[in-house]
Every structure is written in structure tokens, then in C-alpha cells.
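As a plain string of letters, each chain reads:
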Amino acid sequence: MHYDTIIIGGSFAGLAAALYLARARKSVCILDNGRPRNRFATHSHGFFAHDGSVPGELLSTMRKQVAAYPSVTFLEDAAVDASLDGEILSVRLQSGAVITAPRTLLAFGISDTLPDLPGVAERWGRSVLHCPYCHGYEFSDQQLGVLNLMEMSHHQAALISEWGPTTFYLNGGTLEPEAAEALERRGVTIEPAPVVSLHGEGHSLSGIELADGRSRALNALFIAPRNHFNSPIAEQLGCEVEATPLGSTITVDALQMTSIRHVYAAGDITRQGHSITFACADGVMAGTAIHRSLAFDA
Ligand SMILES: Cc1cc2nc3c(=O)[nH]c(=O)nc-3n(C[C@H](O)[C@H](O)[C@H](O)COP(=O)(O)OP(=O)(O)OC[C@H]3O[C@@H](n4cnc5c(N)ncnc54)[C@H](O)[C@@H]3O)c2cc1C
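Residues numbered from 1 in each chain as written. Predicted model: local features only at pLDDT ≥ 70, side-chain atom pairs only at ≥ 80, totals over all residues. Heavy atoms only, no water.

(A) Region of the structure containing the overall build of the protein chain. A count of helical and extended segments in the protein chain gives seven helices and 20 strands. The C-alpha radius of gyration of the protein chain comes to 21 Å, within 12% of the 19 Å expected for a compact globule of 298 residues. Referenced to the eigenvectors of the C-alpha coordinate spread, the extents of the protein chain come out at roughly 65 × 35 × 35 Å. Each of the 298 residues in the protein chain was classed as buried or not, and the buried ones make up 49%. Considering only contacts in the protein chain between residues 6 or more positions apart, those separated by 24 or more positions represent 57%. In the form shown here, the protein chain has an accessible surface area of approximately 14200 Å², with 53% of it arising from carbon and sulfur atoms. Side-chain charges of the protein chain comprise 20 positive and 31 negative groups, with the mean position of each set lying 8 Å from the other. (Helix = DSSP H or I, 4+ residues; strand = E, 2+ residues; numbered from the N terminus. Rg over C-alpha atoms; globule rule 2.2 N^0.38 Å. Buried < 20%, exposed > 50% of the residue type's maximum accessible area, 1.4 Å probe, protein only. Contact = heavy atoms within 4.5 Å. Areas by Shrake-Rupley, 256 points an atom, 1.4 Å probe, with all protein chains shown as cover. Lys, Arg positive; Asp, Glu negative; His and termini not counted. Charge placed at Lys NZ, Arg CZ, Asp CG, Glu CD.)

Below you can see the structure in the form of C-alpha cells.
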């Protein structure tokens, strides 16, 4: 099948672009394999008019609204690889089908690589968190922790102390004296011992166990996990990619176009600050830019 635009990833960024393209009466094929990044969280915060929503319900409403436009095709299928023949992009799907379009939006998101610490994976998005703006308020004034995963983790500990009493778990690592002093000035406790595991009822957290046999009370642990693209398609197409301390981002211009003409990208894969609001804004910019590029053959 041939469309005006193929969108790889039908979550916040992809659906926001699709809505604008559908309203501009362009044919759009959205591919999605149902794994949005925030699927581990029970509630989503900070997206205006939807603060506290259930992430799955939010996406299902967005999907219904987009699917109501007759020029939209939604395929529950994964893009496996893609190639360009002149200006036409071909995408091969997991089902074996091949679809084509003159414009493409990459919106396939990222995944987080969680530290290999017992008790982290099952609490991810509930009481093990990365973004205080998304989930910090719900743990206000409770016992908060930050796990030392990388050189910049002490900055995260300084920030988290805005929400409540914070301990920086060095986990056997080291800390420069100036960084330690800055944390102490903010009232952050530094715990040098290696961390062994987390414990608590179900998805909640009540304590953290240390290698020297001690344990400390803890209600939420903040981490800054490394992340990776959900698909190799940007690299396959030769899109320019930039390394960051946590992962990589696809380089885009002000209209969300990548270094490859007519291939656009939006959402978490293009930026370091991640939120639903940013992903939707990127998608809207990409959707309008793609429409104008189709309309004026630019
Ligand atoms: C635990 C957690 C909680 C969060 N809570 C909040 C919050 O409260 N508020 C907030 O604003 N932000 C929150 N975020 C951030 C938010 O989830 C992301 O910023 C947002 O999901 C980014 O949207 P996106 O469209 O770029 O990517 P995603 O939402 O990750 O969507 C990418 C989509 O692409 C699909 N896909 C991937 N590969 C392929 C492929 N090859 N073919 C087809 N489809 C593919 C995936 O299935 C997925 O549906 C949270 C993140 C995490 C990890």
C-alpha cells in the first residue's frame, strides 16, 4: 500500500502528528506495536487537562480520535526495516507486508535500561522513578533516595531534595569533595555503602538493604537509567544521531526534519527532556511541516 506519510510509532508524538495530517486530509499509515515508554506507570502527571490520567486510557482516547478520520490507517504491526528509493521510503513490517510513502515520521520512542538491582524492575514507574516532575509530588516529604548510576547522579540527588528528605546512595562509588559539600548544604544525606536490594509490599517501597547488613527506610528511589532507541531504522536510513550521557538522540531541525530529506522524527528519540507534552508538541510541529512539504513539494 502507498500513503502520503508513514508514521513509525503510534503513541504521543506519532498520534499528535497523525491528527494534524488527518485534518489536512492526507493519507497516513500509523504503525505501532503497543509498547509506549510510560506503560509501567499507573498514573501520568503534568499533561494539561489530563493530570492524573491512566496512561493507557489517555492513549486509547487519542487513538480513537485519530482513527475517526477516514484517511488514517492504523496497523498493530512493527516496522522491521526501511530503505529509501529516491524520495520514496519502503517499510517492511513484521507481518511481511511492505508499505511506501514519500514522507516518514520516526516516533518509535526509547526504552530504559534499568540497573540490575533486585527489586527495581517490578517497581519501575511506581516507586522507582526517573522524573520528579512526573511523579515526585505524590511522594512529597517522604523518604526519598537517589541511586548513584553515573557521574551526574549527584545533580539528580540535589534536585530531588526539593521534594523531601533525600539520601544519595553512592553504592560503593566515589564523590568529589565539592559535590559532597554541595549535597550536604542542601541537606542531602550521603550513604556510601553498596546497595543490595529494595523491599516493600507489592509495587510500593519501604526500605533499601545495604551490603553491610543495615537497611534504611525509603519510599521512592529515583534513578537516571540509560536508554536506547526502540528501532534501528534511523541509523539504517543514515539519519544523524548525537550521543548524550544517557543515550542518543536523532538530530532534527526546527521543523523536526532529520538529516535525511523528507524523513522527520519526533518525541523522546529527538530530545533529552522527556514528557508527553514535549512529545505531542514535536508531533504537531512534524505533522504541519510534513503537510506543507507535501503541499508545496518542498
Ligand atoms: C515510568 C515512566 C513514567 C512516565 N510518566 C510520565 C508522566 O507522568 N508524564 C509525562 O509527561 N511523561 C511521563 N513519562 C515520559 C513519557 O512516557 C514519554 O516522554 C512519552 O511516552 C514519549 O512519547 P513518544 O511518542 O516519543 O514515545 P512512546 O510513548 O515511548 O511511544 C513510542 C511508540 O512506538 C512504538 N514502536 C516502537 N518501535 C516500533 C516499531 N519498530 N514499529 C512500530 N511501532 C514501534 C511503541 O510500541 C510505542 O507505542 C514517563 C516515562 C516513564 C519511563
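Further notes follow.
(B) Looking closely at helix H2 (residues 55–67). The first and last C-alpha atoms of H2 sit 18 Å apart over 13 residues, in line with the 18 Å expected at 1.5 Å per residue. Buried within H2 are the following residues: Pro55, Leu58, Leu59, Met62 and Val66. Projected down its long axis, H2 shows its buried positions confined to an angular sector of 90°, all on one face. Those residues of H2 that are exposed and angled more than 90 degrees off the buried face are Glu57 and Lys64. Tucked inside the fold, the buried residues of H2 contact helix H1 (12–23), strand E2 (28–31), strand E3 (72–75) and helix H7 (276–295). (Expected span 1.5 Å × (residues − 1). Arc of directions from axis to C-beta.)

(C) How the structure looks around the site of the ligand. Residues in contact with the ligand amount to 36 residues; listed here are only the nearest, Ser11, Asp32, Asn33, Arg35 and His45. Serine 11 is positioned with one of its side-chain polar atoms (N or O) 2.6 Å from an oxygen atom of the ligand. At a separation of 2.9 Å, a nitrogen atom of the ligand approaches a polar side-chain atom of histidine 135. Breaking the shell around the ligand down by element, the ones donating at least two residues are H1, helix H3 (132–135) and H7. Each residue belonging to the shell around the ligand can be placed in one class, and the counts come to 14 nonpolar, 16 polar and six charged. (Near = heavy atom within 4 Å. Polar contact = N/O pair within 3.5 Å; in protein donor to acceptor, adjacent residues only side chain to side chain. Nonpolar A, V, L, I, M, F, W, Y, C, P; charged D, E, K, R; others polar.)

(D) Quick look at the packing of H1 against H2. At a minimum axis distance of 10 Å, the contact between H1 and H2 shows a crossing angle of 25°. Classified by the angle their axes make, H1 and H2 are roughly parallel. At the point where H1 passes H2, the crossing takes the left-handed sense. Here Phe12, Leu15, Ala18 and Leu19 of H1 lie close against H2, whose contacting residues are Leu58, Leu59, Met62, Arg63 and Val66. The residue inventory of the contact of H1 with H2, partitioned by class, reads eight nonpolar, no polar and one charged. (Axes fitted to C-alpha atoms, helices over the stretch in contact; angles between N-to-C directions. Parallel < 35°, antiparallel > 145°, perpendicular 65-115°, else oblique. Left-handed = near helix turned anticlockwise from the far one by under 90°.)

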